[in-house]
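Structural characterization, general
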Amino acid sequence: MDKNLDKKIVVNQEFDDTNLNNEQENPKKLQIKGNLFKRKTLQEKYPNPDTDIEIPEYLSLAPSEDTILRVENLHISFRTPNGIVRAVRGVNFDLKKGETLCIVGESGSGKSVTSRAIMGILAGNAIIDAGHIFYDGKDLVECKEKDFYALRGSKIGMIFQDPLSSLNPIMRVGKQLTEALRLKNGLDRETAKKRALELMKEVGIPQPEKRFKQYPFQFSGGMRQRIVIAIALAMEPEILICDEPTTALDVTIQAQILDLIKKLKKEKGLTIIFITHDLGVVANMADRIAVMYAGKIVEYGNASDVFYDPRHPYTWALLESMPSLATSKRLSAIPGTPPNMIYPPKGDAFAARNRYAMKIDFEQQPPFFKINDNHYAATWLLHPDAPKLENSLKNRYESQRKLHHIQEDNSHE
Ligand SMILES: Nc1ncnc2c1ncn2[C@@H]1O[C@H](COP(=O)(O)OP(=O)(O)O)[C@@H](O)[C@H]1O
Ligand SMILES: [Mg+2]
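Residues numbered from 1 in each chain as written. Chains lettered and ligands numbered in written order. Predicted model: local features only at pLDDT ≥ 70, side-chain atom pairs only at ≥ 80, totals over all residues.

**Examining the overall build of the protein chain**
Within the protein chain, the regular secondary structure consists of 13 helices and 12 strands. The proportion of buried residues among the 413 residues of the protein chain is 41%. Partitioning the contacts of the protein chain with sequence separation of at least 6, the portion at a separation of at least 24 is 67%. (Helix = DSSP H or I, 4+ residues; strand = E, 2+ residues; numbered from the N terminus. Buried ≥ 20, exposed ≤ 12 C-beta atoms within 10 Å, placed from the backbone. Contact = placed C-beta atoms within 7 Å.)

Printed below as a string of C-alpha cells:
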C-alpha cells in the first residue's frame, strides 16, 4: 500500500487557482508556487506531532470490493493567530457501498473538518498534513479544483445543519432546483420543471406547484431542509454526506427528516456518511459507527456492537449523557471539556475526563484493540493487563433501542 507520508503539503482548494492546472508557465503559476512554499515552511516549522502514526489495523490492508470511499491516515491542521490547531489527527475509515456510516462525537471533535476534506471545501487556513482519501480511483487529497468540480454534488453530495446556508435567499426555490437539474443533466426548462416537481413530492413537500414559486424564507426549517435534500438529490450523487442535518430542528421534525433520509437511501441505493453529536440519532440511522474524540476515531464498529458492547470510556460517557426516552430526562453531562487542540494531550486525549483513566493513559496513545472483526476501540482498558470493569450500561441501551424500534414501526413508509 502506498503510505507516502512525505507528501505532507496540499494546498487548500480555495487557494488552488485553475491556472495551476494549466501546463504552460505563466506568472500566476509562479505566484501560487510562492504560496505553496510559504505553507510548506510553516509546516516544517511546526510539524504535526503525530503524522507518523501507523495506520491502525482496523482498516483492512486492501479495500474490499464494496468499499467506495476510503480515508487513510488523514491529518488536518489550521493555522490561527494563536497557533496550529490539530483538528484531525489520523482518521481512517472505509465507507461501504449502500451503508450508513455515522460519525459521532462532541462539538469540535473534527467531524465537519473530515467531511469537508472529502468534499474539497476546507477553509483557506487548512493544511492537509498527511493522508489519503481514495474515491473512484483518485486520491482526493491530490485532486485539483477542476476535478473536484466534477465530483462535488454530482458524485458526492452534502447537506448541512443550516439549510439556509446552502440556499440562495433571493432565488425562488423552484428555480434553484431546476438549475441543479439542468446543470447535471442538461434538461430543457420544461422537463426540468417536471422533474423538480416530482422531486419535491419525493421529499415530502405538499403542494409542490405552489411551493415551486416561493422563496426560502417562506419555508419552515424542516421544509427548507427537504428542499436542500431535493437539490442534493437532483444531482444524483452516489454518496450523501449529512452534517448534523437535523440539529437545528425540533424533535418531531427531526424524526421526519431522519425517516426521509432513510427512505431515500433505500429507494436510491445511496451511501451515507451521517454526522451527528447525538447518539439517539445514531441508534436510528447507523449501520456502522465511528466515535470521534479530539480529532481521532476512538471506537469503530458495527452499530449493534458499538451500542450493545461499547468499549471506549468516551463512548460510555456519550451513552450516559443520552437523554433516556423512557424517563425523558438527561442522565449526566460528560464532565470536563475537550482538550485544546493547539496543544493536544500526549496520551489518550480523553484521559483527563475519564474516570477510569490509568497512568498510561496520560503518557501513551493507546493502539486500536480488536474486539471482533467488526469492532475496534483505542483504549488501554482493553490491554490484557488492565483491570476488568463491569459495564453496567448495557440494559439501558437495550431499552433505548427497543423504543427506537417501536418508533420506527409506527413511522410512515
Ligand atoms: N477554519 C478554521 N480555523 C481554525 N480552526 C478550525 C477551523 N475550522 C475548524 N476548526 C477547528 O477544528 C476543530 C474541529 O472542528 P469541526 O470539525 O468543525 O468539529 P465538529 O466535530 O464539531 O464538526 C475544532 O477545534 C475547530 O475549532
Ligand atoms: Mg460540525
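**Concerning unusual backbone geometry**
Although it is not a glycine, Gln207 adopts a positive phi angle of roughly 50 degrees. Tracing the sequence through the fold places Gln207 in the loop between helix 6 (189-202) and helix 7 (208-211). Its identity as a non-glycine residue notwithstanding, Glu236 has a phi of 50 degrees, on the positive side. With respect to the secondary-structure elements, Glu236 resides in the loop between helix 8 (221-234) and strand 7 (239-243). Classification of Glu236 by C-beta neighbours within 10 Å gives partly exposed; the count is 15.

**Concerning the sheet that holds strand 8 (residues 271-276)**
With mixed pairing, eight strands are arranged side by side in an open sheet as 6-7-8-3-9-10-12-11. Of all the strands in the sheet, just strand 6 (156-159) and strand 11 (369-372) have a single pairing partner and so form its edges. Within this sheet the neighbouring strands show an average axis-to-axis angle of 20 degrees, counted without direction. The pairing of strand 3 (residues 100-104) with strand 8 spans five bridges and is parallel. Paired with Ile103 across the strands is Ile275, a residue of strand 8. (Pairing = 2+ DSSP bridges. Axes fitted to C-alpha atoms, helices over the stretch in contact; angles between N-to-C directions.)

**What to know about the nonpolar core**
Side chains of a nonpolar character, in soluble globular proteins, are inclined to be buried together. Counting 100 residues, the largest nonpolar core has Ala230 and Val291 as the members making the most contacts within it. It is helix 8 that provides the largest number of residues to this core, a total of nine residues. Discounting chain neighbours no more than four positions away, the residues touching Val291 are Val104, Gly105, Ile297, Val298, Glu299, His312, Tyr314, Thr315 and Leu318. (Core = buried A, V, L, I, M, F, W, Y, C linked by C-beta atoms within 7 Å.)

**Considering the environment of Met285**
Structurally, the position occupied by Met285 is in helix 10 (residues 279-285). Expressed as a C-alpha distance, the spacing of Met285 and Phe274, which sit 11 residues apart in the sequence, is 8.1 Å.

**Examining the pairing of strand 3**
The element strand 3 is largely enclosed, with a buried count of five among its five residues. On strand 3, burial covers both faces: Thr100, Cys102 and Val104 on one face and Leu101 and Ile103 on the other are all buried. Bridge count for strand 3 against strand 9 (residues 288-293) is four bridges, and the pairing is parallel. By the bridge assignment, Cys102 is partnered in strand 9 with Ile289.

**Quick notes on the site of ligand 1**
With respect to spatial proximity, 15 residues lie near ligand 1, and among them Phe78, Ala87, Lys111, Ser112 and Ala123 are the closest. With three residues, the single largest contributor to the shell around ligand 1 is helix 2 (residues 111-119). Its residues assigned to classes, the shell around ligand 1 comprises six nonpolar, eight polar and one charged. (Near = placed C-beta within 6 Å. Nonpolar A, V, L, I, M, F, W, Y, C, P; charged D, E, K, R; others polar.)

**Notes on the sheet that holds strand 1 (residues 67-80)**
Within a beta sheet, neighbouring strands are joined by backbone hydrogen bonds and run either parallel or antiparallel to one another. Strand order in the open sheet formed by four strands is 2-1-4-5, and the pairing between neighbours is antiparallel. With one partner strand each, in any of the chains shown, strand 2 (83-96) and strand 5 (138-139) form the two edges of the open sheet.

**Thoughts on the confidence of the model for the protein chain**
In the predicted model, the protein chain carries a mean pLDDT of 83, and 79% of its residues have values of at least 70. Overall, residues 406-413 carries pLDDT values under 50, and its contacts beyond four positions in sequence, including any with other chains, amount to three contacts. (pLDDT = per-residue confidence, 0-100.)

**Some details on the packing of helix 8 against helix 9 (residues 251-268)**
Across the interface, helix 8 lies against helix 9 with an axial gap of 10 Å and an inter-helix angle of 15 degrees. Here helix 9 runs roughly parallel to helix 8, going by the angle between their axes. Where helix 8 crosses over helix 9, the two elements pack in a sense that is right-handed. For the pair formed by helix 8 and helix 9, the contact residues are Gly221, Gly222, Gln225, Arg226, Ile229 and Leu233 on the first element and Ile253, Gln256, Ile257, Leu260 and Leu264 on the second. (Parallel < 35°, antiparallel > 145°, perpendicular 65-115°, else oblique. Left-handed = near helix turned anticlockwise from the far one by under 90°.)

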